[in-house]
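Topology and contacts: notes
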Amino acid sequence: MVWSRVRGSVRDRRDRRRDGSHVSDARLVSLVRGELGDRPSATVVVLGSGRRGLVDALVAASPTWTVVEAATDADERQVQLTLLDPIDAIIDVPSKEGRLFRFRTVFFHVRAHGLYVVPGGAVELGPGRGKLGDHLASAAALAEEPLRGGRLRSIAANALLAVRMHVQATADGEDLVLRHDLPDVLAKLDEPQTSAWIERSGHGHRILSTIPAEDPPSAAVITEVPVLREPPMDRAINRADLTLRDYRDVVVDVEQLVIAERVLPAETYRHHQNARLVNRGVVDVGPRLGVPQRPVRDDLPRLEGTFVHLDNEVRGHFGHLMTETLSRVWTWQAALAIDPGVRALMSRARGRPEIADWEYHFYETCGIPRDRIVKIDSAVRVERLLSGTPMLSNPEYVHPRIAQTWDEVGDRLAAEAGRTEWPRRIFIARRIAKRACDNADVVERMFADRGFEIVYPEDLSLGDQVAMFRSAEVVAGFAGSGMFQIAFVPHPIHVIQVGSSSYTPRNEVLMAAVRGHRIDSVVCATVASNRVQAGFTFDVDAEGPALLKVLDGLPPLS
(Lines give C-alpha, C1' and ligand atoms only; values in the text may rest on other atoms or scores of the structure.)
Protein backbone atom coordinates (compact mmCIF):
# COMPACT_ATOMS: atom_id res chain seq x y z
CA MET A 1 0.00 0.00 0.00
CA VAL A 2 1.27 3.47 -0.88
CA TRP A 3 0.44 6.46 1.29
CA SER A 4 1.28 10.00 0.22
CA ARG A 5 0.12 13.51 0.91
CA VAL A 6 -0.22 15.76 -2.11
CA ARG A 7 -1.90 19.00 -3.15
CA GLY A 8 -2.43 20.40 0.28
CA SER A 9 -2.02 19.95 3.98
CA VAL A 10 -3.63 17.23 6.07
CA ARG A 11 -3.82 19.56 9.08
CA ASP A 12 -7.26 20.19 10.53
CA ARG A 13 -8.21 23.85 10.18
CA ARG A 14 -10.12 25.53 13.00
CA ASP A 15 -12.39 27.36 10.62
CA ARG A 16 -13.56 24.18 8.95
CA ARG A 17 -15.62 21.28 10.28
CA ARG A 18 -13.64 18.11 10.89
CA ASP A 19 -16.36 15.84 9.47
CA GLY A 20 -15.71 17.18 5.98
CA SER A 21 -19.16 18.69 5.46
CA HIS A 22 -17.57 21.99 4.51
CA VAL A 23 -16.58 20.53 1.14
CA SER A 24 -18.63 22.23 -1.58
CA ASP A 25 -20.20 20.52 -4.56
CA ALA A 26 -18.07 22.70 -6.83
CA ARG A 27 -14.88 21.49 -5.18
CA LEU A 28 -15.86 17.84 -5.59
CA VAL A 29 -16.84 18.37 -9.22
CA SER A 30 -13.48 20.04 -9.86
CA LEU A 31 -11.61 17.22 -8.14
CA VAL A 32 -13.37 14.44 -10.08
CA ARG A 33 -13.10 16.23 -13.42
CA GLY A 34 -9.46 16.92 -12.76
CA GLU A 35 -8.82 13.24 -12.08
CA LEU A 36 -10.91 11.82 -14.93
CA GLY A 37 -9.98 14.48 -17.46
CA ASP A 38 -12.15 15.43 -20.40
CA ARG A 39 -13.12 11.89 -21.33
CA PRO A 40 -16.41 11.83 -23.26
CA SER A 41 -17.96 9.11 -21.12
CA ALA A 42 -17.57 8.08 -17.51
CA THR A 43 -19.72 6.57 -14.80
CA VAL A 44 -19.76 8.36 -11.45
CA VAL A 45 -21.66 7.18 -8.36
CA VAL A 46 -22.59 9.46 -5.47
CA LEU A 47 -23.17 7.78 -2.11
CA GLY A 48 -25.70 8.99 0.46
CA SER A 49 -29.21 10.36 0.27
CA GLY A 50 -30.24 13.95 -0.46
CA ARG A 51 -27.26 14.68 -2.71
CA ARG A 52 -29.19 15.62 -5.81
CA GLY A 53 -27.37 18.93 -5.96
CA LEU A 54 -23.99 17.22 -6.39
CA VAL A 55 -25.44 14.86 -9.02
CA ASP A 56 -26.85 17.81 -10.97
CA ALA A 57 -23.57 19.72 -10.69
CA LEU A 58 -21.60 16.75 -12.08
CA VAL A 59 -24.06 16.34 -14.96
CA ALA A 60 -23.91 20.06 -15.75
CA ALA A 61 -20.11 19.95 -15.80
CA SER A 62 -19.93 16.79 -17.93
CA PRO A 63 -23.26 16.22 -19.75
CA THR A 64 -22.13 13.00 -21.44
CA TRP A 65 -21.25 11.27 -18.18
CA THR A 66 -23.53 8.83 -16.38
CA VAL A 67 -23.99 10.15 -12.85
CA VAL A 68 -26.03 8.08 -10.38
CA GLU A 69 -27.10 8.54 -6.80
CA ALA A 70 -26.52 5.20 -5.09
CA ALA A 71 -29.38 3.32 -3.45
CA THR A 72 -29.35 3.46 0.33
CA ASP A 73 -30.54 -0.14 0.76
CA ALA A 74 -27.42 -2.32 0.87
CA ASP A 75 -28.85 -5.24 -1.14
CA GLU A 76 -30.22 -3.00 -3.87
CA ARG A 77 -27.01 -0.96 -3.94
CA GLN A 78 -24.97 -4.13 -4.55
CA VAL A 79 -27.11 -4.95 -7.59
CA GLN A 80 -27.16 -1.34 -8.77
CA LEU A 81 -23.38 -0.92 -8.64
CA THR A 82 -22.88 -4.29 -10.32
CA LEU A 83 -25.14 -3.22 -13.18
CA LEU A 84 -23.19 0.04 -13.57
CA ASP A 85 -19.83 -1.72 -14.00
CA PRO A 86 -17.33 -0.32 -14.91
CA ILE A 87 -17.52 2.58 -12.47
CA ASP A 88 -14.93 5.33 -12.93
CA ALA A 89 -15.47 7.18 -9.67
CA ILE A 90 -17.39 6.93 -6.41
CA ILE A 91 -17.87 9.92 -4.12
CA ASP A 92 -18.43 9.07 -0.48
CA VAL A 93 -20.53 11.13 1.95
CA PRO A 94 -18.78 13.93 3.90
CA SER A 95 -19.10 12.31 7.31
CA LYS A 96 -16.92 9.98 9.39
CA GLU A 97 -19.98 8.04 10.54
CA GLY A 98 -20.05 4.72 8.68
CA ARG A 99 -17.02 5.65 6.58
CA LEU A 100 -15.19 2.36 7.10
CA PHE A 101 -18.30 0.28 6.39
CA ARG A 102 -18.91 2.12 3.12
CA PHE A 103 -15.29 1.70 2.09
CA ARG A 104 -15.29 -2.03 2.79
CA THR A 105 -18.58 -2.69 0.99
CA VAL A 106 -18.32 -0.25 -1.93
CA PHE A 107 -14.72 0.72 -2.70
CA PHE A 108 -13.75 -2.21 -4.96
CA HIS A 109 -16.76 -1.58 -7.19
CA VAL A 110 -14.57 1.16 -8.69
CA ARG A 111 -12.67 -0.09 -11.74
CA ALA A 112 -8.91 -0.52 -11.58
CA HIS A 113 -7.20 2.90 -11.46
CA GLY A 114 -10.53 4.68 -10.97
CA LEU A 115 -11.00 6.87 -7.93
CA TYR A 116 -12.88 6.76 -4.65
CA VAL A 117 -13.21 10.21 -3.11
CA VAL A 118 -13.76 10.71 0.60
CA PRO A 119 -14.72 14.36 1.18
CA GLY A 120 -12.81 15.70 4.19
CA GLY A 121 -11.16 12.30 4.50
CA ALA A 122 -7.51 13.35 4.39
CA VAL A 123 -7.58 13.35 8.20
CA GLU A 124 -7.63 9.55 7.91
CA LEU A 125 -3.95 9.72 6.94
CA GLY A 126 -2.98 11.78 9.96
CA PRO A 127 -3.11 11.71 13.75
CA GLY A 128 -6.81 12.62 13.84
CA ARG A 129 -7.83 9.56 11.87
CA GLY A 130 -10.99 7.57 12.47
CA LYS A 131 -11.92 3.92 11.85
CA LEU A 132 -11.09 4.08 8.14
CA GLY A 133 -7.67 5.48 8.97
CA ASP A 134 -7.12 2.72 11.52
CA HIS A 135 -8.05 0.18 8.84
CA LEU A 136 -5.57 1.70 6.38
CA ALA A 137 -2.87 1.81 9.04
CA SER A 138 -3.45 -1.84 9.96
CA ALA A 139 -3.13 -2.79 6.30
CA ALA A 140 0.05 -0.77 5.87
CA ALA A 141 1.61 -2.59 8.83
CA LEU A 142 1.22 -6.00 7.14
CA ALA A 143 4.14 -7.73 5.49
CA GLU A 144 4.06 -8.00 1.71
CA GLU A 145 2.36 -11.19 0.57
CA PRO A 146 0.63 -12.17 -2.69
CA LEU A 147 -3.12 -11.81 -2.43
CA ARG A 148 -3.82 -14.92 -4.54
CA GLY A 149 -2.57 -18.44 -4.45
CA GLY A 150 -1.47 -18.41 -0.83
CA ARG A 151 -2.88 -19.72 2.40
CA LEU A 152 -6.56 -19.64 3.24
CA ARG A 153 -7.56 -16.53 5.16
CA SER A 154 -10.70 -15.00 6.60
CA ILE A 155 -12.63 -12.36 4.65
CA ALA A 156 -11.31 -9.68 7.03
CA ALA A 157 -7.71 -10.82 6.60
CA ASN A 158 -8.03 -10.96 2.81
CA ALA A 159 -9.59 -7.49 2.74
CA LEU A 160 -6.70 -6.03 4.74
CA LEU A 161 -4.13 -7.72 2.52
CA ALA A 162 -5.91 -6.44 -0.59
CA VAL A 163 -5.50 -2.90 0.75
CA ARG A 164 -1.85 -3.54 1.66
CA MET A 165 -0.91 -4.88 -1.76
CA HIS A 166 -3.24 -3.11 -4.19
CA VAL A 167 -4.53 0.22 -2.83
CA GLN A 168 -3.06 3.71 -3.00
CA ALA A 169 -4.24 6.50 -0.70
CA THR A 170 -3.45 10.15 -1.38
CA ALA A 171 -4.61 13.45 0.04
CA ASP A 172 -6.03 16.14 -2.21
CA GLY A 173 -6.26 19.11 0.09
CA GLU A 174 -8.51 17.92 2.86
CA ASP A 175 -10.04 15.18 0.75
CA LEU A 176 -8.89 11.55 0.51
CA VAL A 177 -8.53 9.83 -2.87
CA LEU A 178 -8.18 6.05 -2.99
CA ARG A 179 -7.33 3.83 -5.98
CA HIS A 180 -6.61 0.17 -6.59
CA ASP A 181 -4.93 -1.78 -9.39
CA LEU A 182 -6.97 -5.02 -9.43
CA PRO A 183 -8.45 -5.45 -12.93
CA ASP A 184 -10.69 -8.44 -12.22
CA VAL A 185 -12.78 -7.68 -9.14
CA LEU A 186 -16.07 -9.59 -9.19
CA ALA A 187 -19.34 -8.82 -7.40
CA LYS A 188 -20.73 -11.62 -5.23
CA LEU A 189 -24.52 -11.90 -5.49
CA ASP A 190 -26.92 -14.02 -3.45
CA GLU A 191 -30.06 -15.65 -4.86
CA PRO A 192 -32.41 -12.62 -4.92
CA GLN A 193 -29.60 -10.36 -6.13
CA THR A 194 -28.64 -12.81 -8.88
CA SER A 195 -32.20 -12.94 -10.18
CA ALA A 196 -32.52 -9.14 -10.01
CA TRP A 197 -29.24 -8.71 -11.90
CA ILE A 198 -30.32 -11.17 -14.61
CA GLU A 199 -33.66 -9.43 -15.09
CA ARG A 200 -32.01 -6.00 -15.46
CA SER A 201 -28.63 -6.72 -17.04
CA GLY A 202 -29.48 -7.21 -20.72
CA HIS A 203 -26.60 -9.70 -21.14
CA GLY A 204 -28.81 -12.45 -22.57
CA HIS A 205 -29.18 -14.46 -19.37
CA ARG A 206 -32.75 -15.41 -18.45
CA ILE A 207 -34.89 -16.72 -15.66
CA LEU A 208 -36.74 -19.69 -17.14
CA SER A 209 -39.07 -20.66 -14.30
CA THR A 210 -39.69 -20.32 -10.58
CA ILE A 211 -41.13 -22.82 -8.11
CA PRO A 212 -42.67 -20.73 -5.32
CA ALA A 213 -41.58 -21.21 -1.74
CA GLU A 214 -43.80 -23.44 0.38
CA ASP A 215 -44.36 -23.46 4.11
CA PRO A 216 -41.26 -25.18 5.49
CA PRO A 217 -41.52 -28.15 7.83
CA SER A 218 -40.89 -27.68 11.53
CA ALA A 219 -37.41 -28.24 12.94
CA ALA A 220 -38.93 -29.20 16.29
CA VAL A 221 -38.16 -32.83 15.47
CA ILE A 222 -34.95 -32.81 17.48
CA THR A 223 -34.33 -33.13 21.21
CA GLU A 224 -30.82 -32.50 22.55
CA VAL A 225 -29.34 -33.82 25.79
CA PRO A 226 -27.58 -33.12 28.10
CA VAL A 227 -26.66 -29.70 26.57
CA LEU A 228 -28.00 -27.62 23.70
CA ARG A 229 -25.92 -26.54 20.73
CA GLU A 230 -25.74 -22.96 19.52
CA PRO A 231 -27.31 -21.69 17.41
CA PRO A 232 -30.38 -23.80 18.31
CA MET A 233 -30.88 -26.85 16.12
CA ASP A 234 -34.67 -26.44 16.27
CA ARG A 235 -34.71 -22.84 15.05
CA ALA A 236 -37.13 -22.07 12.24
CA ILE A 237 -36.36 -23.37 8.77
CA ASN A 238 -36.29 -20.65 6.11
CA ARG A 239 -38.48 -20.43 3.02
CA ALA A 240 -36.90 -20.48 -0.44
CA ASP A 241 -38.12 -19.92 -3.98
CA LEU A 242 -36.52 -22.25 -6.53
CA THR A 243 -35.36 -20.56 -9.71
CA LEU A 244 -34.13 -22.14 -12.94
CA ARG A 245 -31.68 -19.78 -14.65
CA ASP A 246 -30.29 -19.79 -18.18
CA TYR A 247 -26.78 -18.32 -18.56
CA ARG A 248 -25.11 -17.64 -21.90
CA ASP A 249 -21.36 -17.56 -22.57
CA VAL A 250 -20.17 -17.84 -18.97
CA VAL A 251 -16.95 -19.08 -17.39
CA VAL A 252 -17.12 -22.23 -15.27
CA ASP A 253 -14.11 -23.24 -13.21
CA VAL A 254 -13.47 -26.20 -10.94
CA GLU A 255 -15.11 -26.54 -7.53
CA GLN A 256 -18.40 -24.80 -8.35
CA LEU A 257 -17.03 -21.46 -9.55
CA VAL A 258 -19.24 -19.63 -12.07
CA ILE A 259 -18.39 -16.21 -13.51
CA ALA A 260 -20.92 -14.29 -15.59
CA GLU A 261 -19.39 -11.06 -16.87
CA ARG A 262 -18.08 -9.40 -13.66
CA VAL A 263 -20.41 -11.35 -11.39
CA LEU A 264 -20.12 -14.37 -9.12
CA PRO A 265 -23.77 -15.50 -9.11
CA ALA A 266 -25.47 -17.60 -6.44
CA GLU A 267 -24.41 -20.82 -8.23
CA THR A 268 -20.89 -20.26 -6.88
CA TYR A 269 -21.76 -20.75 -3.20
CA ARG A 270 -22.63 -23.85 -1.22
CA HIS A 271 -24.33 -21.73 1.45
CA HIS A 272 -25.99 -19.10 -0.70
CA GLN A 273 -28.38 -17.85 2.01
CA ASN A 274 -25.54 -16.97 4.37
CA ALA A 275 -24.59 -13.36 4.94
CA ARG A 276 -21.04 -14.40 4.00
CA LEU A 277 -20.82 -15.81 0.47
CA VAL A 278 -17.74 -18.00 0.36
CA ASN A 279 -16.04 -20.12 -2.30
CA ARG A 280 -12.43 -21.18 -1.87
CA GLY A 281 -11.73 -20.28 -5.50
CA VAL A 282 -12.39 -16.63 -4.64
CA VAL A 283 -10.17 -14.27 -2.64
CA ASP A 284 -12.38 -11.78 -0.85
CA VAL A 285 -11.47 -8.10 -1.04
CA GLY A 286 -14.70 -7.04 0.67
CA PRO A 287 -17.79 -8.67 2.16
CA ARG A 288 -19.44 -9.03 -1.27
CA LEU A 289 -16.48 -8.48 -3.61
CA GLY A 290 -13.61 -10.74 -4.61
CA VAL A 291 -11.06 -11.77 -7.21
CA PRO A 292 -10.63 -15.30 -8.58
CA GLN A 293 -7.76 -17.29 -7.08
CA ARG A 294 -6.86 -18.23 -10.65
CA PRO A 295 -7.14 -15.21 -12.97
CA VAL A 296 -9.34 -15.98 -15.97
CA ARG A 297 -7.47 -16.31 -19.25
CA ASP A 298 -8.78 -14.74 -22.45
CA ASP A 299 -8.17 -17.92 -24.48
CA LEU A 300 -10.26 -20.42 -22.48
CA PRO A 301 -11.50 -23.55 -24.31
CA ARG A 302 -15.18 -23.37 -25.17
CA LEU A 303 -17.85 -26.00 -24.54
CA GLU A 304 -20.58 -25.79 -27.16
CA GLY A 305 -24.12 -26.81 -26.29
CA THR A 306 -26.31 -26.86 -23.20
CA PHE A 307 -25.07 -27.98 -19.78
CA VAL A 308 -26.66 -28.35 -16.35
CA HIS A 309 -24.44 -27.15 -13.52
CA LEU A 310 -24.34 -29.94 -10.91
CA ASP A 311 -20.86 -29.34 -9.52
CA ASN A 312 -20.00 -28.56 -5.91
CA GLU A 313 -16.84 -27.53 -4.08
CA VAL A 314 -16.40 -31.00 -2.59
CA ARG A 315 -17.46 -33.23 -5.47
CA GLY A 316 -16.95 -36.93 -4.78
CA HIS A 317 -17.77 -36.69 -1.06
CA PHE A 318 -20.88 -38.72 -0.25
CA GLY A 319 -22.29 -36.20 2.22
CA HIS A 320 -21.95 -33.28 -0.18
CA LEU A 321 -23.43 -35.35 -3.01
CA MET A 322 -26.44 -36.19 -0.82
CA THR A 323 -27.01 -32.56 0.11
CA GLU A 324 -25.63 -30.15 -2.46
CA THR A 325 -25.82 -32.18 -5.68
CA LEU A 326 -28.94 -34.26 -5.02
CA SER A 327 -30.82 -31.10 -4.04
CA ARG A 328 -30.31 -29.76 -7.58
CA VAL A 329 -31.20 -32.93 -9.49
CA TRP A 330 -34.65 -31.44 -10.12
CA THR A 331 -32.97 -29.19 -12.68
CA TRP A 332 -31.92 -32.20 -14.81
CA GLN A 333 -35.47 -33.17 -15.70
CA ALA A 334 -36.34 -29.52 -16.31
CA ALA A 335 -33.30 -29.15 -18.58
CA LEU A 336 -34.19 -32.27 -20.60
CA ALA A 337 -37.51 -30.66 -21.47
CA ILE A 338 -35.64 -27.56 -22.70
CA ASP A 339 -32.85 -29.34 -24.61
CA PRO A 340 -32.98 -33.17 -24.96
CA GLY A 341 -29.25 -33.15 -25.70
CA VAL A 342 -28.30 -31.47 -22.44
CA ARG A 343 -25.23 -32.69 -20.52
CA ALA A 344 -24.25 -32.42 -16.86
CA LEU A 345 -21.16 -30.39 -15.97
CA MET A 346 -18.90 -31.34 -13.05
CA SER A 347 -15.25 -30.80 -12.20
CA ARG A 348 -12.22 -32.34 -10.61
CA ALA A 349 -12.02 -31.97 -6.84
CA ARG A 350 -9.09 -31.73 -4.46
CA GLY A 351 -7.99 -35.27 -3.70
CA ARG A 352 -10.60 -36.64 -6.12
CA PRO A 353 -9.53 -35.70 -9.65
CA GLU A 354 -11.68 -38.39 -11.29
CA ILE A 355 -15.34 -39.28 -10.93
CA ALA A 356 -15.54 -42.65 -9.14
CA ASP A 357 -17.69 -45.55 -10.33
CA TRP A 358 -19.98 -45.24 -7.31
CA GLU A 359 -20.59 -41.59 -8.21
CA TYR A 360 -21.48 -42.46 -11.80
CA HIS A 361 -23.83 -45.13 -10.48
CA PHE A 362 -25.49 -42.66 -8.12
CA TYR A 363 -25.99 -40.15 -10.93
CA GLU A 364 -27.52 -42.89 -13.07
CA THR A 365 -30.10 -43.52 -10.35
CA CYS A 366 -30.83 -39.79 -10.58
CA GLY A 367 -31.62 -40.29 -14.28
CA ILE A 368 -28.30 -38.90 -15.57
CA PRO A 369 -26.56 -41.35 -17.95
CA ARG A 370 -22.82 -41.75 -17.52
CA ASP A 371 -22.13 -40.59 -21.08
CA ARG A 372 -23.98 -37.32 -20.41
CA ILE A 373 -21.54 -36.26 -17.67
CA VAL A 374 -18.70 -33.92 -18.66
CA LYS A 375 -15.87 -33.33 -16.19
CA ILE A 376 -13.62 -30.29 -16.47
CA ASP A 377 -10.12 -29.99 -15.00
CA SER A 378 -9.76 -26.21 -15.37
CA ALA A 379 -11.75 -23.16 -16.40
CA VAL A 380 -13.82 -23.30 -19.59
CA ARG A 381 -16.25 -21.00 -21.33
CA VAL A 382 -19.71 -22.54 -21.66
CA GLU A 383 -22.13 -21.63 -24.43
CA ARG A 384 -25.26 -22.28 -22.34
CA LEU A 385 -25.45 -23.14 -18.65
CA LEU A 386 -28.71 -24.07 -16.91
CA SER A 387 -28.67 -23.91 -13.13
CA GLY A 388 -31.28 -24.08 -10.42
CA THR A 389 -31.61 -23.19 -6.76
CA PRO A 390 -30.83 -26.15 -4.49
CA MET A 391 -33.88 -27.60 -2.73
CA LEU A 392 -31.78 -27.98 0.43
CA SER A 393 -29.10 -25.66 1.74
CA ASN A 394 -27.61 -26.41 5.13
CA PRO A 395 -28.26 -24.98 7.63
CA GLU A 396 -30.93 -22.55 6.47
CA TYR A 397 -33.68 -24.19 4.45
CA VAL A 398 -35.24 -27.20 2.77
CA HIS A 399 -38.02 -27.10 0.19
CA PRO A 400 -40.69 -29.77 0.87
CA ARG A 401 -40.71 -30.83 -2.80
CA ILE A 402 -37.32 -32.45 -2.36
CA ALA A 403 -39.18 -35.48 -0.99
CA GLN A 404 -40.07 -36.42 -4.57
CA THR A 405 -36.39 -36.59 -5.53
CA TRP A 406 -35.56 -38.60 -2.40
CA ASP A 407 -38.41 -41.03 -3.13
CA GLU A 408 -37.46 -41.60 -6.76
CA VAL A 409 -33.73 -42.04 -6.16
CA GLY A 410 -34.28 -44.05 -2.99
CA ASP A 411 -36.68 -46.43 -4.72
CA ARG A 412 -34.22 -47.09 -7.55
CA LEU A 413 -31.39 -47.75 -5.13
CA ALA A 414 -33.44 -49.96 -2.81
CA ALA A 415 -34.49 -52.08 -5.79
CA GLU A 416 -30.83 -53.02 -6.24
CA ALA A 417 -30.43 -54.41 -2.71
CA GLY A 418 -28.98 -57.90 -2.51
CA ARG A 419 -30.56 -58.75 0.84
CA THR A 420 -34.12 -58.80 2.09
CA GLU A 421 -33.55 -59.23 5.84
CA TRP A 422 -32.09 -56.40 7.89
CA PRO A 423 -31.70 -55.64 11.61
CA ARG A 424 -34.38 -53.52 13.24
CA ARG A 425 -31.81 -51.45 15.11
CA ILE A 426 -28.59 -50.23 13.49
CA PHE A 427 -25.72 -48.03 14.68
CA ILE A 428 -23.78 -46.18 11.98
CA ALA A 429 -20.11 -46.17 12.97
CA ARG A 430 -17.26 -44.09 11.52
CA ARG A 431 -13.74 -45.07 10.45
CA ILE A 432 -12.48 -41.66 9.35
CA ALA A 433 -10.55 -39.32 11.65
CA LYS A 434 -12.67 -36.25 10.93
CA ARG A 435 -15.10 -35.60 13.81
CA ALA A 436 -13.95 -38.86 15.33
CA CYS A 437 -15.05 -39.97 18.79
CA ASP A 438 -11.79 -41.01 20.44
CA ASN A 439 -13.56 -43.57 22.64
CA ALA A 440 -16.02 -44.76 20.01
CA ASP A 441 -15.77 -48.31 21.30
CA VAL A 442 -17.46 -47.24 24.56
CA VAL A 443 -20.39 -45.71 22.64
CA GLU A 444 -20.74 -48.65 20.27
CA ARG A 445 -20.76 -51.11 23.18
CA MET A 446 -23.62 -49.23 24.85
CA PHE A 447 -25.69 -49.53 21.67
CA ALA A 448 -24.68 -53.14 20.99
CA ASP A 449 -25.84 -54.06 24.49
CA ARG A 450 -29.29 -52.75 23.52
CA GLY A 451 -29.61 -54.84 20.39
CA PHE A 452 -28.08 -52.50 17.80
CA GLU A 453 -25.98 -53.95 14.99
CA ILE A 454 -22.81 -51.91 14.44
CA VAL A 455 -22.56 -51.04 10.74
CA TYR A 456 -20.00 -49.28 8.56
CA PRO A 457 -22.12 -48.17 5.61
CA GLU A 458 -19.17 -48.01 3.21
CA ASP A 459 -18.95 -51.81 3.49
CA LEU A 460 -22.34 -52.08 1.76
CA SER A 461 -23.54 -51.17 -1.70
CA LEU A 462 -25.66 -48.03 -2.01
CA GLY A 463 -28.72 -50.18 -2.64
CA ASP A 464 -28.12 -52.25 0.47
CA GLN A 465 -27.60 -49.10 2.53
CA VAL A 466 -30.97 -47.68 1.48
CA ALA A 467 -32.74 -50.99 2.08
CA MET A 468 -31.12 -51.29 5.51
CA PHE A 469 -32.17 -47.78 6.56
CA ARG A 470 -35.71 -48.34 5.30
CA SER A 471 -36.01 -51.60 7.24
CA ALA A 472 -34.78 -50.21 10.55
CA GLU A 473 -37.11 -49.05 13.30
CA VAL A 474 -34.31 -47.12 15.02
CA VAL A 475 -31.28 -45.69 13.24
CA ALA A 476 -28.46 -44.52 15.51
CA GLY A 477 -24.93 -43.38 14.85
CA PHE A 478 -22.31 -40.70 15.03
CA ALA A 479 -23.55 -37.40 13.55
CA GLY A 480 -22.48 -36.76 9.98
CA SER A 481 -22.87 -37.96 6.42
CA GLY A 482 -23.19 -41.62 7.42
CA MET A 483 -26.66 -40.73 8.71
CA PHE A 484 -27.84 -38.94 5.58
CA GLN A 485 -29.57 -42.04 4.21
CA ILE A 486 -32.46 -41.10 6.52
CA ALA A 487 -33.53 -38.86 3.64
CA PHE A 488 -34.39 -42.00 1.64
CA VAL A 489 -36.68 -43.38 4.38
CA PRO A 490 -40.22 -42.23 3.42
CA HIS A 491 -41.89 -43.18 6.71
CA PRO A 492 -41.13 -41.70 10.17
CA ILE A 493 -38.45 -43.48 12.17
CA HIS A 494 -36.57 -42.87 15.42
CA VAL A 495 -33.06 -41.45 14.95
CA ILE A 496 -30.45 -41.29 17.70
CA GLN A 497 -27.29 -39.24 17.14
CA VAL A 498 -24.07 -38.89 19.11
CA GLY A 499 -21.89 -35.92 18.25
CA SER A 500 -19.97 -32.96 19.57
CA SER A 501 -21.24 -29.56 20.58
CA SER A 502 -19.09 -28.08 17.80
CA TYR A 503 -20.97 -30.01 15.10
CA THR A 504 -23.58 -27.42 14.13
CA PRO A 505 -24.70 -28.39 10.58
CA ARG A 506 -28.41 -29.17 10.37
CA ASN A 507 -28.51 -31.60 7.45
CA GLU A 508 -30.05 -34.40 9.51
CA VAL A 509 -32.57 -31.98 11.05
CA LEU A 510 -33.65 -30.69 7.64
CA MET A 511 -34.05 -34.25 6.34
CA ALA A 512 -35.93 -35.41 9.42
CA ALA A 513 -38.21 -32.36 9.27
CA VAL A 514 -39.35 -33.29 5.76
CA ARG A 515 -39.73 -37.00 6.58
CA GLY A 516 -41.21 -36.66 10.04
CA HIS A 517 -38.40 -38.53 11.77
CA ARG A 518 -37.77 -37.99 15.47
CA ILE A 519 -34.15 -37.21 16.47
CA ASP A 520 -32.69 -37.69 19.94
CA SER A 521 -29.27 -36.06 19.88
CA VAL A 522 -26.71 -36.75 22.60
CA VAL A 523 -24.37 -33.76 22.57
CA CYS A 524 -20.83 -34.22 23.86
CA ALA A 525 -19.18 -31.08 25.18
CA THR A 526 -15.96 -30.02 23.44
CA VAL A 527 -13.61 -27.08 23.93
CA ALA A 528 -13.28 -26.75 20.15
CA SER A 529 -16.61 -24.97 19.95
CA ASN A 530 -15.73 -23.19 16.71
CA ARG A 531 -14.45 -26.22 14.81
CA VAL A 532 -17.13 -28.20 13.00
CA GLN A 533 -14.70 -30.99 12.15
CA ALA A 534 -13.22 -31.33 15.64
CA GLY A 535 -12.97 -34.71 17.30
CA PHE A 536 -14.52 -35.31 20.69
CA THR A 537 -14.71 -37.61 23.69
CA PHE A 538 -17.88 -39.26 24.96
CA ASP A 539 -17.91 -38.46 28.69
CA VAL A 540 -19.39 -41.52 30.40
CA ASP A 541 -20.18 -39.50 33.53
CA ALA A 542 -21.67 -36.44 31.79
CA GLU A 543 -23.25 -37.81 28.60
CA GLY A 544 -23.59 -41.46 29.60
CA PRO A 545 -26.72 -41.03 31.77
CA ALA A 546 -28.39 -38.93 29.04
CA LEU A 547 -27.76 -41.62 26.42
CA LEU A 548 -28.94 -44.38 28.72
CA LYS A 549 -32.18 -42.52 29.34
CA VAL A 550 -32.80 -42.34 25.59
CA LEU A 551 -32.00 -46.03 25.17
CA ASP A 552 -34.16 -47.00 28.14
CA GLY A 553 -37.08 -45.27 26.44
CA LEU A 554 -36.94 -47.59 23.43
CA PRO A 555 -39.60 -50.29 23.19
CA PRO A 556 -38.30 -53.78 24.01
CA LEU A 557 -37.10 -55.95 21.17
CA SER A 558 -39.47 -58.88 20.63
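Right above here is the structure, for reference.
Note that the structure is a prediction, hence the values are computed from the model and not measured.

What counts, and at which threshold
Residues numbered from 1 in each chain as written. Predicted model: local features only at pLDDT ≥ 70, side-chain atom pairs only at ≥ 80, totals over all residues. Heavy atoms only, no water. Axes fitted to C-alpha atoms, helices over the stretch in contact; angles between N-to-C directions. Helix = DSSP H or I, 4+ residues; strand = E, 2+ residues; numbered from the N terminus. Parallel < 35°, antiparallel > 145°, perpendicular 65-115°, else oblique. Left-handed = near helix turned anticlockwise from the far one by under 90°. Contact = heavy atoms within 4.5 Å. Nonpolar A, V, L, I, M, F, W, Y, C, P; charged D, E, K, R; others polar. Salt bridge = Lys/Arg side-chain N within 4 Å of Asp/Glu carboxyl O. Buried < 20%, exposed > 50% of the residue type's maximum accessible area, 1.4 Å probe, protein only. Phe/Tyr/Trp six-rings, centres within 6.5 Å; stacked < 30°, edge-to-face > 60°. Lys NZ or Arg CZ within 6 Å of the ring centre and 35° of its normal.

It is the contact of helix α8 (residues 318-325) with helix α10 (residues 357-365), at a shortest axis distance of 12 Å, that shows an interaxial angle of 25 degrees. In terms of orientation, α8 lies roughly parallel with respect to α10. Once α8 is placed against α10, the crossing between them reads as right-handed. For the pair α8 and α10, contact is made by Phe 318, Leu 321, Met 322 and Thr 325 and by Trp 358, Phe 362 and Tyr 363, respectively. Split into classes, the residues belonging to the contact of α8 with α10 amount to six nonpolar, one polar and no charged.

Under the definition given, this model contains 45 salt bridges. One salt bridge connects Glu 304 with Arg 302, and the closest N-O pair in it is separated by 2.9 Å. By relative accessible area, which is 46% here, Glu 304 ends up partly exposed. Residue Arg 302 is classed as partly exposed on the basis of its relative accessible area of 40%. Among the ionic pairs, Glu 359 bridges to Arg 315, the shortest N-O distance being 3.0 Å. Taken together, the residues span a long stretch of sequence, with Glu 359 in helix α10 and Arg 315 in the loop between β16 (302-309) and α8 at a distance of 44 residues. The structure contains a network of salt bridges with shared partners spanning Arg 206, Asp 246, Arg 248 and Arg 384.

In the structure shown here, the tally under the stated rule is nine aromatic pairs. Seen in terms of ring centroids, Phe 447 and Phe 452 are 5.1 Å apart; in terms of plane orientation they differ by 90 degrees. Their pairing is edge-to-face. Classification of Phe 452 as buried rests on a relative accessible area of 4%. Centre to centre, the rings of Phe 478 and Phe 536 are 6.4 Å apart; their planes meet at 65 degrees, and the pair counts as edge-to-face. Of the two residues, Phe 478 is situated in strand β24 (residues 474-478) and Phe 536 in the loop between β26 (518-524) and α15 (544-552); the sequence distance between them amounts to 58 residues. A residue is classified by how much of its surface remains accessible, and Phe 478, at 4% relative accessible area, is buried. The buried category is assigned to Phe 536, whose relative accessible area is 5%. Of the aromatic side chains, those joined through ring pairs into one cluster are Phe 427, Phe 447, Phe 452, Phe 478 and Phe 536. Positioned above the aromatic ring of Trp 422, the side-chain terminus of Arg 419 is 3.8 Å from the ring centre. Above the face of the Tyr 456 ring, Arg 431 is positioned so that its terminal group lies 3.9 Å from the ring centre.

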